[in-house]
Number of protein chains: 2
Amino acid sequence: MKIAILGFGTVGKGVYEIVKKANVQTQNLSVSHILVRKNKPRVLKEMTDSIDEIVNDQETDIVVEALGGIEPAHQYILKALEHGKHVITANKAVIAIYLKQFSDAANKHGVKFYFEASVGGGIPWIQGLEKALRIDTVNTISGIFNGTSNFILDQMSRNEESFDEVLAEAQKLGYAEADPSADIDGIDVANKLCISADIAYNINLQDRKKLPIFGIRNITLEDVDFFSQHGYAVKLIGRTHQADNKFDYVVEPTLFAHHSLEANTPDNYNLISLNGETIGKLDFFGQGAGMLPTANAVIQDILDIKEDKDHLKRNFDKKMIYSSEMTKADYLVRANADVGSLLKEYSPTKEGNYYLIHQIPVGKMHQIMQVILKDDDSAFMASLPQDKIKSSDSHLSKQEAVA
Amino acid sequence: MKIAILGFGTVGKGVYEIVKKANVQTQNLSVSHILVRKNKPRVLKEMTDSIDEIVNDQETDIVVEALGGIEPAHQYILKALEHGKHVITANKAVIAIYLKQFSDAANKHGVKFYFEASVGGGIPWIQGLEKALRIDTVNTISGIFNGTSNFILDQMSRNEESFDEVLAEAQKLGYAEADPSADIDGIDVANKLCISADIAYNINLQDRKKLPIFGIRNITLEDVDFFSQHGYAVKLIGRTHQADNKFDYVVEPTLFAHHSLEANTPDNYNLISLNGETIGKLDFFGQGAGMLPTANAVIQDILDIKEDKDHLKRNFDKKMIYSSEMTKADYLVRANADVGSLLKEYSPTKEGNYYLIHQIPVGKMHQIMQVILKDDDSAFMASLPQDKIKSSDSHLSKQEAVA
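Quick notes on the rules
Residues numbered from 1 in each chain as written. Chains lettered and ligands numbered in written order. Predicted model: local features only at pLDDT ≥ 70, side-chain atom pairs only at ≥ 80, totals over all residues. Heavy atoms only, no water. UniProt positions renumbered as here; feature names shortened; annotations may be inferred. Helix = DSSP H or I, 4+ residues; strand = E, 2+ residues; numbered from the N terminus. Least-squares fit on C-alpha atoms with pLDDT ≥ 70 in both. Contact = heavy atoms within 4.5 Å. Phe/Tyr/Trp six-rings, centres within 6.5 Å; stacked < 30°, edge-to-face > 60°. Buried < 20%, exposed > 50% of the residue type's maximum accessible area, 1.4 Å probe, protein only. Pairing = 2+ DSSP bridges. Axes fitted to C-alpha atoms, helices over the stretch in contact; angles between N-to-C directions.

Caption draft 1: Inspection of the UniProt feature "domain: Homoserine dehydrogenase catalytic" (unreviewed entry) in chain A at higher detail. Look at the UniProt record and you will see "domain: Homoserine dehydrogenase catalytic" (unreviewed entry) annotated at residues 124-303 of chain A. Span residues 124-303 of chain A is 42% helix and 26% strand, its end C-alpha atoms 14 Å apart.

Caption draft 2: How the structure looks around the relation of the copies chain A and chain B. For the pair chain A and chain B, the relating rotation is 180°, the translation along its axis is 0.0 Å, and the fit reaches an RMSD of 0.0 Å. Expressed as an axis order, the relation between the two copies is that of a two-fold axis. No C-alpha of chain A lies nearer the rotation axis than that of phenylalanine 285 of chain A, which sits 2.8 Å from it. Interface residue correspondence from chain A to chain B reaches 100%, placing this contact among same-surface, isologous pairings.

Caption draft 3: Molecular detail of the packing of aromatic side chains. All names here are of chain A. Enumeration over the complete set of coordinates arrives at 29 aromatic pairs over all chains. Ring centres 6.1 Å apart and planes at 50° place the aromatic pair tyrosine 201 and phenylalanine 247 in the tilted group. A residue pair is termed long-range when its members are at least 10 positions apart, and tyrosine 201 in helix H9 (residues 187-201) and phenylalanine 247 in strand S9 (residues 246-257) qualify at 46 residues. Residue classification places tyrosine 201 among the buried positions, given a relative accessible area of 3%.

Caption draft 4: Local environment of the sheet that holds strand S1 (residues 2-6) of chain A. All names here are of chain A. Taking strand neighbours across the sheet as the criterion, the six strands line up as S3-S2-S1-S4-S5-S6 in an open arrangement whose pairing is parallel. Strand pairing shows two members of the sheet lacking a second neighbour, strand S3 (47-48) and strand S6 (113-114), which therefore form its edges. Sheet topology note: the strand S4 (residues 60-65)/strand S5 (residues 86-89) ladder contains four bridges and is parallel. Looking at S5, one finds that glutamate 65 is bridged to threonine 89. Against the sheet, helix H11 (residues 291-306) engages S1, S4, S5 and S6, with an angle of about 160° to S5.

Here it is as structure tokens:
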């Protein structure tokens, strides 16, 4: 089988290297083209700057899109599918928006569109989710979807370093990009959660403007220490539930007891869990990023196509309603302004700069946080784990009542 | 598809329940027979005590062997394969010995023999290993394969309870059996490592008498505390490497730094890692036992058969030599007897009752341990992580030299 690779960054290079070096050679795989930008030196004979040359090549069976970003990735993927090429991508940003469009185009043209590497990198998460769906209804998905933010939070707590120090280190190590906003503002998590929810619920979650997303940009070392003193580690979590044709969806910092799996997910690792109605909880853990784990996932998709192993078929056409009130949670909010009045319906208690808010609907809390940020743009919040917080066993026992 | 279940213990019941309750109903799966012992009350209409009735039933497509143990499981599996039934089992003890025989019989009769649930329970480990092997050579497999022993070690360290106390608790919770020797003496780990090595290296590792296996029966709370003071948690590990047509293989307690993934694998969870020549390290983590996760893995095999998804084909006919000298490691040995002389070639140093032994071949250490146990049947040992121990950064800095 002949493979064209669009883009020659981390993922593209990884795919190229594995095809060249590993046992896949014995499987008759080879790289026919590598799409690079016009002004790039063509150091390999496979390199070209013409997408048309690629999609019109009758011998090329599979196009691996490794450009990243929305455009031209979106147009190139569609073009490849329309020209009868199977397409594989690790590009979560473009799939989060166009999954249904790509899937419909692939069906129409009798080819495959696979994207295992887009969520969880080297973790076989998409496949694990699809396999669970073969036999069960998945009601909850929750986890640490972003390696960069996890690396930052882990280093802050382990080395007592500030957010800015660790971010600079992550950028030096290549874990974070020059513009880190997708990672630290929760956008990358939102994309991955969106793809997971689309598959789990068979929906097409395109309009994410209303969805509550809060990242870790404002976290301080003092926050991390305060949570730790109360027995918690903080992690950036994506979470969704469904029930009765409604679903919720949130990306936010969440606290986990020190001995929990989440609290012990180190470095740039990911931990994603699903809950099935009959089969219960399944955990998926591993390196969520990195050249070789991600490229390995792409190659696995290539081999599934070669061996004619179908992935789960979804139409993404079920209609479900997003509910901002479906889930209630306890939150810790740090703000310099007096926000007790904004939150007075939810029995706020206070310790130092931190308000503990009780059983507020998730959507409501995120709305109020937007108001708080207008007064104090350094404010931060984190939810407490939902089913574990009872006042009797809360580690937060020394709160003062807010008058 | 019609499924016969042999045995109605934890796994058999789990499979029955999922087929009855979950979406698999929509996949036209049903249970045709449940094999139970003659003297058992037949509370379900599917129950029978005749294996011949099952294998001779033309309508039954798949036999799920959930009896456990070697015989009659071995004979029943063969019989089912010979009668043209696909067979699925979670029974690691019988596969560890007869994998090649079963696989040959399945090939001869044109049916499938799948066993995802046998190693790692609900973790898709066999599949993960097989997928890695599609594209790469796997050189190392290492991990926590046994949930019961991990639960015991985790509880001892977390709650400062003795081995006997925790074992009794594990038995009460149903995590450990009345006779716990398979779990605590490393036999279960040895079986799972054997199956994994058979697949990874395409060998048929039947004669395990020479292989070094040391369990956790002798561990004390003092051992756990001593290791912890030096920065380590102890875990029961199975480990194998290959190079140049040789391989090694060991089951033994091993120390891991407190922040490592292994040290943070809690309760009855498993963590299994492989190292591929090109793709690097992949980790597989999750619940290694339990009714629903294990039954889910069995159902996934059933659906793979239904959807005609082939698993990796192996002949298990490669010849490789086991080498007891291939790997050297540092060990901590606790013994009341003076064992310094037995180990004097390996620069032993001593702290309290613990000898630190340097760079001894793994096979040699296990041989000497058998000699030590004759003098002190309460002696214990644990290896230190191989690539992490340099004398300069060892946490064991206060040893006295042994004269």
